[in-house]
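Overview (structure and organization)
Residue-level listing of the chains:
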Amino acid sequence: MTPLVVALLSTMVIGLPTALILGRRMPAIAVAGMAFLFGSGIVYFALLTISPFGWTLPRLAMVVLIVAAVTLTFAIRGPAPAAPRIRATIIDFATVLTLAGYALFATVHRAGEWDFWAIWGLKARVFLEHGGIDWSWLGSVDHSFAHPDYPTLLPLLYDFAAMANGGWDDRWMGLVTFAFAAAFVAVVRGLAALETTPWFASAIAFGLTGIACTPRIGLAEAPLIAFAGTSLLMIRRGLLFDDDDALLNGAILLGLAGSTKNEGLALFVAVGVAMVVARAWRRIWRLWPGIVIVMPWLLLCRAAHLHNDLVTGSVIARLVARLTGMYRPILGGLLLYLQHRWFWLALVVAIFVARGRDRERFIFSAVAVQLAIYIATYLYTPYDVLWQIDTSWDRIALHVLAPAVFAAALLLANQWAEGDDAQPESVVAGTRNGGPSLDEHGEARPHL
Amino acid sequence: MSTRATITAVSFITLVLCGAAPDMLMIPSRAIGPLLFDRSALQDEGKTLPGYSRFLDGVRAHTKPGDVIGLIVAPMKWQERYEYAFFRACYELVGRDVRPLIDRQSRPLPDNVAASHYLAVFGPAVRGGSFVVVWRGAGGALIERSP
């Protein structure tokens, strides 16, 4: 276990300089979460870069330093105000206890879920054995079950851990899943603290632990929830408060989401549409770092002739047939196989009750479009539709539930507190550029 | 508190409680010995092929990287355990070239049989004959194919 813990802490250290600069207006806890997420991205790029030359720790260390330096050069800005401090509450203790429980849950057995040893862990192990990405293995028809076109951030992170361990050992790989969950909750806690009171911010972070602590240990759900969720929340912050750093954070995290699963690539479309809906289309170009991040894997896949299994055969014919003949069973399946129905219902009610939901156009639009993309996929999948819905719908719907819950909860929290004198703990420390401006009552005023 | 404020408060609290993870919250407060959550339920092997991992450990120990290994798991039906067995073997025998001996429609793949250096047989009893049994144990056997 120790080498894996060292690898995860190293990942955080690798990402810390970038997080400190890009998160200079964020509370320390958010910076800590971002450090792990950025570090994962840097490790991924480093291993991808040296793959043709063979993976060795010295080579990896050298490239990590170069990639980190390039990232820092790109990210350095002028002086910024002091990062806001946040105040912990007893609810934060419950959140920490929940995460501690999750760490135990994630490591009680070796990572053994089907998609771990058939996809994510399998690829990592094959790559480790090969000393780099094994393109011939990925291209073999016998291995098509492993979805060879899937982005490889998670397998390469497993490989980094295995290299630190001196060899493959999946006994403690659940800690990687835990690390992503903890990073996500940390960022959420920090972002919530910038916009509401300590108690409400704590409650919002606590209320998202159920999503972050996915029971699917070893799979890419936790990383995608972390990257997609923090990306949407950062872009939201960038649009609402004219925070260029947050927008840049969001773009980078969006790219890392796209480097984790194909659903992350779909998120680019959702974000683009949502920015148009939020009347921020002039700022779409600021997402270009995300495009740069996903391009290497997409180009490599194309060069290696790796294709997505969902687009095999006649896509149009399946689409038309299901739209005309199967929409009722598909709708029924979407309702039947959605497991967190009460949560979704609570979210819909919350959005309905909250005032000022127009303010959160971006988040709600992005979530709606992403869900629509998922549903559209079921219309043309070459597999049995109801089987596909049964085995994936509830899992993938959770990918974007967290940002929607964050936005709705924040609206309700501030609505509830309207009559109080309590101020969001960091509002008074914020500045015009990157922080909320204050109205005559000292309350945060968003910009859109 | 006004009606609207009450509805707001109830909505917020409901949303937070729906999203919390009370199961995880309770874990640290219980004894670690009998763990609250038995994740073995999520591990397929106990239900699908008891002992299969130990069999694959034996196959790994008696082969070397680069060996081509054909897989025989009774019954030879893709949807009935063979899919699981093949995927699992790919994971546990990384470095070896594991070949399925049937396709997804359960049709034989004689080319893969011909290419295999070894046959890993799990389930049916293997009796001596014109082939060499390299290893026997954990519910199966490893056979060396004659060239």
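Residues numbered from 1 in each chain as written. Chains lettered and ligands numbered in written order. Predicted model: local features only at pLDDT ≥ 70, side-chain atom pairs only at ≥ 80, totals over all residues. Heavy atoms only, no water.

1. Brief notes about the overall build of chain A
Spelled out, the test is: Only DSSP runs of H or I covering at least 4 residues are called helices, and only runs of E covering at least 2 are called strands; the numbering of each starts at the N terminus. When we talk radius of gyration, it's over C-alpha atoms, and the globule rule is simply 2.2 Å times the number of residues to the 0.38. Buried means the residue's accessible area, taken with a 1.4 Å probe over protein chains only, is under 20% of the maximum for its type, while exposed means over 50%, and partly exposed covers the values in between. Residue contacts are defined here by distance: any two heavy atoms, one from each residue, within 4.5 Å place the two residues in contact. Counted as positive: Lys and Arg. Counted as negative: Asp and Glu. His and the chain ends are not counted at all. By convention, the point assigned to a charge is CZ for Arg, NZ for Lys, CD for Glu and CG for Asp.
Of regular secondary structure, chain A possesses 20 helices and two strands. Relative to the globule expectation of 22 Å for 448 residues, the C-alpha radius of gyration of chain A, 21 Å, shows essentially globular dimensions. Overall size of chain A, expressed as C-alpha extent along the three principal axes, is 65 × 60 × 45 Å. Evaluated residue by residue, chain A yields a buried proportion of 60% over its 448 residues. Taking the intrachain contacts of chain A between residues at least 6 apart in sequence as the baseline, contacts between residues at least 24 apart amount to 80%. Here chain A contributes 31 positive and 30 negative side-chain charges, whose respective centroids are spaced 5 Å apart.

2. Observations regarding the pairing of strand β2 (residues 97–100) of chain B
Residue and element names in this part refer to chain B. As a reminder, the rule being used: The rule for pairing is simple: two strands pair if DSSP sees at least two bridges between them. Crossovers are marked right-handed if the path from the first strand over the helix to the second runs clockwise, as seen with the strands pointing away from the viewer.
As paired elements, strand β1 (residues 68–73) and β2 share four bridges and run parallel to each other. Each bridged residue has a counterpart across the sheet, and for I69 the counterpart in β2 is V98. Regarding the hand of the β-α-β motif, the stretch spanning β1, helix α5 (residues 82–92) and β2 is right-handed.

3. What to know about the pattern of salt bridges
All names here are of chain A. Applied cut-off: Counted as salt bridges are all cases of a side-chain nitrogen of Lys or Arg within 4 Å of a carboxyl oxygen of Asp or Glu.
Per the counting criterion, the structure on display carries 22 salt bridges over all chains. Among the ionic pairs, E195 bridges to R237, the shortest N-O distance being 3.8 Å. Taken as a pair, E195 in the loop between α8 (174–193) and α9 (198–207) and R237 in helix α11 (residues 221–240) lie far apart in primary sequence, 42 residues in all. Residue classification places E195 among the buried positions, given a relative accessible area of 5%. Exposure remark for R237: the relative accessible area of 2% places this residue in the buried category.

4. Quick notes on the interface of chain B and chain A
The condition is simple: Accessible area that two parts lose when put together, evaluated with a 1.4 Å probe and summed over both, is termed the buried area. Polar contacts here mean pairs of N or O atoms no more than 3.5 Å apart (in protein, one a potential hydrogen donor and the other a potential acceptor; neighbouring residues in sequence count only if both atoms are side-chain atoms). Under the scheme applied, nonpolar residues are Ala, Val, Leu, Ile, Met, Phe, Trp, Tyr, Cys and Pro; charged residues are Asp, Glu, Lys and Arg; polar residues are all the others, including Gly.
The interface is formed by 45 residues belonging to chain B together with 59 residues belonging to chain A. Approximately 4300 Å² of surface area, both sides summed, lies buried where chain B meets chain A, with 70% of it carried by carbon and sulfur atoms. Here chain B and chain A share two salt bridges between them. Here E92 of chain B and R125 of chain A are joined by a salt bridge, their closest N and O atoms 3.7 Å apart. The interface formed by chain B and chain A contains seven residue pairs in polar contact (both at pLDDT 80 or more). For the side of chain B that touches chain A, the elements supplying multiple residues, two or more each, are α1 (3–19), α2 (22–26), α4 (52–61), α5 and β2 of chain B. For the side of chain B that touches chain A, the element with the most residues is α1 of chain B, which contributes twelve residues. For the side of chain B that touches chain A, the residue count by class is 26 nonpolar, nine polar and ten charged.

5. Digging into the pairing of strand β3 (residues 118–122) of chain B
Residue and element names in this part refer to chain B. β3 sits mainly inside the fold: five of its five residues count as buried. Of the two faces of β3, the one carrying Y118, A120 and F122 and the one carrying L119 and V121 are both buried. Both β1 and β3 contribute to a ladder of five bridges, which runs parallel. Its bridge partner lying in β3, I72 is registered against V121.

6. Considering the state of the cysteines
The following threshold applies: By definition, disulfides here are pairs of cysteine sulfur atoms that lie within 2.5 Å.
This model, assessed by the stated rule, comprises zero disulfides over all chains. The thiol of C213 of chain A is not disulfide-bonded; the next cysteine sulfur, from C18 of chain B, is found 16 Å away. When its relative accessible area of 3% is taken as the criterion, C213 of chain A is described as buried. Note on C90 of chain B: no disulfide assigned, nearest cysteine sulfur contributed by C301 of chain A at a separation of 19 Å.

7. Examining the sheet that holds β1 of chain B
Residue and element names in this part refer to chain B. Note the following rule: Fitted lines through C-alpha atoms give the axes, limited to the stretch in contact for helices. The angle between two N-to-C directions lies from 0 to 180 degrees.
The five strands lie next to each other as β2-β1-β3-β5-β4, forming an open sheet whose pairing is mixed. Strand pairing shows two members of the sheet lacking a second neighbour, β2 and β4 (132–137), which therefore form its edges. Across the sheet, the mean angle separating the axes of adjacent strands is 25° when strand polarity is ignored. Strand direction decides the pairing type here: β4 and strand β5 (residues 140–144), joined by five bridges, are antiparallel. If you follow G137 over to β5, its bridge partner there is G140. α4 contacts β1, β3, β4 and β5 of the sheet and is inclined by roughly 160° relative to β3. Seen against the sheet, α5 touches β1 and β2 and runs at an angle of roughly 170° to β2.

8. Focus on helix α4 (residues 90–107) of chain A
To keep things clear, this is the line we draw: Each residue after the first adds 1.5 Å to the expected span of a helix.
With 18 residues, α4 of chain A should reach 26 Å at 1.5 Å per residue; the first-to-last C-alpha distance of 26 Å fits that figure. Three or more residues of α4 of chain A are buried, namely D92, A94, T95, T98, L99, G101, Y102, A103, F105, A106 and T107 of chain A.

9. Quick look at the environment of Q105 of chain B
Residues and elements named next belong to chain B. As for its position among the elements, Q105 is in the loop between β2 and α6 (110–115). For Q105, a relative accessible area of 53% translates into the label exposed. In the structure, Q105 is positioned 26 residues away from Q79 in sequence and 8.5 Å away in space, judged by C-alpha atoms. A polar atom in the side chain of Q105 sits 3.2 Å from the side chain of R107.

10. Section: the packing of aromatic side chains
To keep it simple, the criterion reads: Any two of the Phe, Tyr and Trp rings considered here, Trp counted by its six-membered ring, make a pair once their centres fall within 6.5 Å; the pair's planes then place it as stacked at under 30 degrees, edge-to-face at over 60, or tilted in between. Here, a charge over a ring is recorded when the distance from Lys NZ or Arg CZ to the ring centre is within 6 Å and its angle to the ring normal is within 35 degrees.
Scanning the entire structure with this criterion turns up 30 aromatic pairs over all chains. Residues W117 of chain A and Y84 of chain B carry aromatic rings whose centres are separated by 5.2 Å and whose planes lie at 90° to one another, so their mutual orientation is edge-to-face. With W117 of chain A in helix α5 (residues 114–130) and Y84 of chain B in helix α5, the pair connects residues from two separate chains. Clustering of aromatic rings is evident, with ring pairs tying together W114, W117 and F145 of chain A together with Y52, F55, W78, Y82, Y84, F86, F87, F122 and W135 of chain B. The ring of W120 of chain A carries K123 of chain A above its face, with NZ or CZ at 5.8 Å from the centroid. Over the ring of W172 of chain A we find R171 of chain A; its NZ or CZ atom is 4.1 Å from the centre of that ring.

11. Considerations on the packing of α5 of chain A against helix α7 (residues 153–165) of chain A
All names here are of chain A. Rule in force here: Orientation is classified from the angle alone, with under 35 degrees giving roughly parallel, over 145 giving roughly antiparallel, 65 to 115 giving roughly perpendicular, and any other angle giving oblique. The handedness criterion is simple: a crossing whose near helix is rotated anticlockwise from the far helix by less than a right angle is left-handed, and one whose near helix is rotated clockwise is right-handed.
The geometry of α5 relative to α7 is characterised by a closest axis approach of 8 Å and an angle of 55° between their N-to-C directions. If you check the angle between α5 and α7, you find them oblique. Here the hand of the crossing between α5 and α7 comes out right-handed. Where α5 approaches α7, its residues F116, W120, K123, A124, R125, F127 and L128 are matched on the opposing element by L154, P155, L156, Y158, D159, A162 and M163.

12. Here we look at the environment of N165 of chain A
In this structure, N165 of chain A sits in helix α7. Along the backbone, N165 of chain A and S231 of chain A are 66 residues apart, and their C-alpha atoms lie at a distance of 31 Å.

13. Here's the deal with the environment of V188 of chain A
All names here are of chain A. Checked against the element boundaries, V188 lands in helix α8. Linking V188 and T95, residues 93 residues apart in sequence, is a C-alpha distance of 12 Å. Setting aside chain neighbours within four positions, we find V188 in contact with I204, A205, L208, L233 and F406.

The values are spatial; any link to function lies outside them.
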